[in-house]
Amino acid sequence: MDGDDIADERRTPLLPLHDPIHQRQSSLRSTIKSIFTLKNLFILLGPLLCTIVCLCVKLDGPTTSRNMLGVLAWVFAWWLTEAVPMPVTSMSPLFLFPIFGIATSDEVAQSYMDDVIALVLGSFILALAVEHYNIHRRLALNITLLFCGDPLKPPLLLLGICGTTAFVSMWMHNVAAAVMMMPVATGILQRFPSGPEQSTVVAKFCKAVVLGVIYSAAIGGMSTLTGTGVNLILVGMWKSYFPEAEPIRFNTWIFFGLPLAVLIFLALWGILCLLYCSRDSGNALSAYLDKAHLRRELELLGIVVGAGPVAFAEKMVLAVFTVLIALWMTRSITDDIPGWGALFHGRVGDGTVSVMMATLLFIIPNKKQRGEKLMDWNKCKKLPWNIVLLLGAGFAIADGVRSSGLADLLTKTIDFLEEAPYLAIAPAVCLISGTITEFTSNNATTTLLLPLLIQIAQTMRVHPLLLMIPGAIGAQFAFLLPTGTPSNIVGFTTGHIEINDMIKIGLPLKIAGTAVLSLLMPTLGAYVFGTNEHAHDVAYSRMSL
C-alpha cells in the first residue's frame, strides 16, 4: 500500500457524518412544505367548492342544474387562481360534464370546434404569415415616418404610432399586435437620452408612446371579430343560446365596433396629449428625433420604401389578406342585397372563408426557394391554442348552463331587475365587467358574465345584446393594472411606465369608454343589431331552445 492510499484511508470517515434520523426529519419537513403550498391549496379549492355545492346547495330544479353550478365553481376557481394552466382548465368540461351528467362527451366536444373556432384558426394563421414576412413592421415604420411631421409634431407622431397599432390589432389578436408594435415604438424611443440625463418632457413622451401602444392594441381589437377573443366568445354564445336568431357576422360587427373603437381611440389620444404632450414638447424632442433621424433608422432596418422592392411573398400575403377581408364584408350585405353567401344557401360562414384563404398560404409558392410555399406547418407552431381552448370552454359552459336548467333558475333569482331602467343597468354592467377584468383575464370575465347577463336581459324584457355587448366590451377595459392583460405586461416591462401612469391614463379612459358605449349601444347598436325589432321574441321564445 503506497502513501496515497494510506492518506485516502485516513480521510475516509468510519461513521456517517450526518445523523440519519435528522436527515429523515429534514426530508419529511421538505416534503410537507412541497405539498402544502398555496398553489396546491388552490388546486384543491376547485373540487372542494364543487363538492360543497353538490352536497349542500338545494335548488328548485333538476339535479343537473345543481351539478352545473358546482362545475362552474370548480372551473372558475381554477381560472381565477390559475392553479392549473388556463388551457388545461379550459379542457376540464370535457371530463366534468359527462361525469356530472350535464352532457355527453360528444356533445361537449362539439363546442370545441365550430365556425367561430375555424374563424380563429384561419385568422391566426394569416397573422403568423404577416408576422413572418415582417409586413407589420414595414407598415408601422413607414406610417410613423409619414406622421412624424417636419418640424417634429409629437401629438401627430403619437397619433401615427397609436393609429398603426390599432389598425394592426384589427386583424390579429391584440396581444400579438402589442408584441409586434412595442419593439417598433421602443426603437424610436431609443433615440432619446435615458437615465439621469432624460428630461421631464422626454420622459413624458416615452410614457405616452408606450401607454398609447398597449391601449391602442386593446381598442383596435374591439372593432372586428378577429381582433380579440372576447368578441368571438360573444358571437359564439349568441349563436349557442339563440340558434334561430340572426347571427353576428363579421360585417355586422364592424359597422358597430369600428365607430366605437374610433371614438374611444380619439379619447385615448386626447388624454395622452393633454397629460403627456405639452405645447413646447416639439422643440425639446426635435433635437433627438426628426424625419431625417427616422429615415436613417428605417434604412438601417432595411424595410423603408425605396430601400428595396416589396418581395413577391409579401405581395401574395397582402393579396390573400385583402381578399379575405373583402369576402368577410360581402358574404351577407343587406336583405335586398344578400351577398355571395346566398349562392351557397347559408351553408358558408366566416370560418369557412378564413380557413379557405389560410389554406392558400400553403399552396402559393414564395419564390424564394424552389418548392417552398408562403407558409409551412413549422411556422404555425406558435398558434395560440390556449385561446382556442378557452373559446371552446366558453361555448361548452354556455351550452351546459342552458341545457342543465341552471339558466331558468338564474332568471327567477333576478326578477327584481324587471323594473330597472336600461340606461342605468347598461353602464353598471360595463363598469362591473371592467372591474372584474382587472383581476382576471378578459376572456374568463366574458365567459363568466355573459350567461348571467342573458338571464338579466330576459328578466328586464330587453334584447339580450343590449346587455351582452356592454358586458363583453367592458371586459376589454383592462386599463388600470399591469396584470389586467398580457398587453399591459408587454408595456410595463419596457421600464418607461409605472402603475400610477396606467391609473392616471386608464381611469379616465375607462370612464370615457363606458360613456361612449352607453351612448352608442341604444342608438347605433339598435340600428346595426336590430335590438328594437322582435326583442320580445328573441329574449323569450328563443331562450327556451
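Fair warning: this is a prediction, and the values are worked out from it, not measured in the lab.

A. Quick look at the overall build of the protein. Regarding its fold elements, the protein presents 26 helices and zero strands. For the protein, the residues scored as buried account for 52% of the 545 residues in total. In the protein, of all internal contacts separated by at least 6 residues, the share reaching a separation of at least 24 is 79%. In the form shown here, the protein has an accessible surface area of approximately 25200 Å², with 64% of it arising from carbon and sulfur atoms.

B. The arrangement of a nonpolar patch on the surface in detail. A cluster of nonpolar side chains, namely Ile35, Phe36, Leu38, Leu41 and Leu44, defines an oily patch on the protein surface of about 560 Å² accessible area. The dominant element in the nonpolar patch, judged by the number of residues it contributes, is helix 3 (residues 38-56), at three residues. By the element assignment, Leu41 lies in helix 3.

C. Spotlight on the environment of Ala287. Mapped onto the elements, Ala287 comes out in the loop between helix 15 (281-285) and helix 16 (291-301). Counting along the chain gives 95 residues from Ala287 to Phe192, while the straight-line C-alpha distance between them is 9.0 Å.

D. Here's a closer look at unusual backbone geometry. Although it is not a glycine, Lys367 sits at a positive phi angle of roughly 60°. Along the polypeptide, Lys367 turns up in the loop between helix 18 (350-360) and helix 19 (385-403).

E. Main features of the packing of helix 8 (residues 115-132) against helix 17 (residues 312-330). The geometry of helix 8 relative to helix 17 is characterised by a closest axis approach of 10 Å and an angle of 150° between their N-to-C directions. One element, helix 8, and the other, helix 17, form an angle in the roughly antiparallel class. You can see that helix 8 and helix 17 cross each other, and the crossing is left-handed. Along its contact with helix 8, which presents Leu119, Ser123, Leu126, Ala129 and Val130, the element helix 17 presents Val317, Val320, Phe321, Leu324 and Trp328. Here the contact of helix 8 with helix 17 is composed, by residue class, of nine nonpolar, one polar and no charged.

F. Highlighting the layout of surface pockets. Roughly 750 Å³ of volume is contained in the second largest pocket. Lining of the second largest pocket is provided by 32 residues; of these, His173, Val175, Asn386, Ile387 and Pro486 occupy positions nearest its centre. Where the lining of the second largest pocket is concerned, the elements lending two or more residues are helix 4 (63-81), helix 5 (86-90), helix 8, helix 11 (174-189), helix 19, helix 22 (442-460) and helix 24 (486-492). In terms of residue count, helix 11 provides more of the lining of the second largest pocket than any other element does, five residues in total.

G. Main features of helix 8. With 18 residues, helix 8 should cover 26 Å at 1.5 Å per step; its first-to-last C-alpha distance of 26 Å lies within 8% of that length. With 15 of its 18 residues buried, helix 8 lies for the most part within the structure. A positive phi of about 60° marks Asn134, the residue just after helix 8.

What counts, and at which threshold
- Residues numbered from 1 in each chain as written.
- Predicted model: local features only at pLDDT ≥ 70, side-chain atom pairs only at ≥ 80, totals over all residues.
- Heavy atoms only, no water.
- Helix = DSSP H or I, 4+ residues; strand = E, 2+ residues; numbered from the N terminus.
- Buried < 20%, exposed > 50% of the residue type's maximum accessible area, 1.4 Å probe, protein only.
- Contact = heavy atoms within 4.5 Å.
- Areas by Shrake-Rupley, 256 points an atom, 1.4 Å probe, with all protein chains shown as cover.
- Patch = residues over 30% accessible without salt bridge, like charges linked within 9 Å, V, L, I, M, F, W, Y side chains within 5 Å.
- Salt bridge = Lys/Arg side-chain N within 4 Å of Asp/Glu carboxyl O.
- Axes fitted to C-alpha atoms, helices over the stretch in contact; angles between N-to-C directions.
- Parallel < 35°, antiparallel > 145°, perpendicular 65-115°, else oblique.
- Left-handed = near helix turned anticlockwise from the far one by under 90°.
- Nonpolar A, V, L, I, M, F, W, Y, C, P; charged D, E, K, R; others polar.
- 1 Å grid on protein atoms, 1.4 Å probe; cavity = no way out; pocket = protein on both sides within 12 Å on 5 of 7 lines; lining within 4 Å.
- Points joined across faces, edges and corners; volume = space filled by probe spheres on them.
- Expected span 1.5 Å × (residues − 1).

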